[in-house]
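The primary structure of each chain is shown beneath.
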Amino acid sequence: MLESKSFAYSLSHDDDVWRWSVYDEDGVTVADGVHATQAAAQAAVEQTLRRAGEGLAA
């Protein structure tokens, strides 16, 4: 049986950019980035969460 992992993320506006981070169950950052638009940052978060769910994110 595969164990399900939980992830959380943050998305914030800072100066003229959108910053995002994805965290694992232990609060460890598994990915982060900066984008010019909120839509691009949200898309990056969603892609990272999909990859993390597939076990591909590190």
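Reading guide: rules and limits
Each residue is numbered by its place in its chain's sequence as written, counting from 1. With the structure being a predicted model, the display of local features is reserved for residues of pLDDT at least 70 and the display and counting of side-chain atom pairs for 80 or more, all residues being used for whole-chain, interface and lining totals. The basis for every side-chain value is the complete set of heavy atoms in the structure, and neither hydrogens nor water enter the calculation. Numbered from the N terminus, helices here are DSSP runs of H or I no shorter than four residues, and strands are runs of E no shorter than two. Any two residues having at least one pair of non-hydrogen atoms within 4.5 Å are treated as being in contact. Expected span of a helix, by definition, is 1.5 Å for each gap between consecutive residues, and there is one gap fewer than residues. Scored between 0 and 100, pLDDT is the confidence that the predictor attaches to each residue. Two strands are counted as paired when DSSP detects at least two bridges linking them. Note on geometry: axes are C-alpha line fits, over the in-contact stretch for helices, and angles between N-to-C directions span 0 to 180 degrees. We define the nonpolar core as a collection of buried residues of types Ala, Val, Leu, Ile, Met, Phe, Trp, Tyr and Cys that are connected through side-chain atoms lying within 4.5 Å of one another. Note on exposure labels: buried denotes an accessible area under 20% of the residue type's maximum, exposed denotes more than 50%, and partly exposed covers the range between, all computed with a 1.4 Å probe on protein chains only.

Draft legend 1. Up close: the side chain of Thr-48. Positionally, Thr-48 belongs in helix α1 (residues 38-53). Not counting the four nearest positions on each side in its chain, Thr-48 is found in contact with Trp-20, Val-22 and Ala-31.

Draft legend 2. Region of the structure containing α1. Relative to the 22 Å expected for 16 residues at 1.5 Å per residue, α1 spans 22 Å between its end C-alpha atoms, a close match to the ideal helical length. The inward-facing, buried residues of α1 abut β1 (8-14), β2 (17-23) and β3 (29-35). At the C-terminal side of α1, Gly-55 shows a positive phi close to 80 degrees.

Draft legend 3. Examining the confidence of the model for the protein chain more closely. Put simply, the protein chain has an average pLDDT of 89, and 90% of its residues get 70 or more. Within the protein chain, β2 carries the highest mean pLDDT (98), whereas α1 carries the lowest (94).

Draft legend 4. Layout of the sheet that holds β2. One open sheet holds the 3 strands; their spatial order is β1-β2-β3, and the pairing between them is antiparallel. The sheet is open, and its two borders are formed by β1 and β3, each paired with just one other strand. Across the sheet, the mean angle separating the axes of adjacent strands is 15 degrees when strand polarity is ignored. Pairing between β2 and β3: 6 bridges, direction antiparallel. Paired with Arg-19 across the bridge in β3 is Val-34. Its contacts with the sheet place α1 against β1, β2 and β3, and it is angled at close to 15 degrees to β2.

Draft legend 5. Just the environment of Leu-49, in detail. As for its placement among the helices and strands, Leu-49 is situated in helix α1. Apart from the residues within four sequence positions on either side, Leu-49 is in contact with Phe-7, Tyr-9 and Val-22.

Draft legend 6. Main features of the nonpolar core. By size, the foremost hydrophobic cluster in this structure holds 8 residues: Trp-18, Trp-20, Val-22, Val-30, Ala-31, Ala-41, Ala-44 and Val-45. Among the secondary structure elements, those contributing two or more residues to this core are β2, β3 and α1. Setting aside residues up to four positions removed in sequence, Val-45 forms contacts with Tyr-9, Trp-20 and Val-22.

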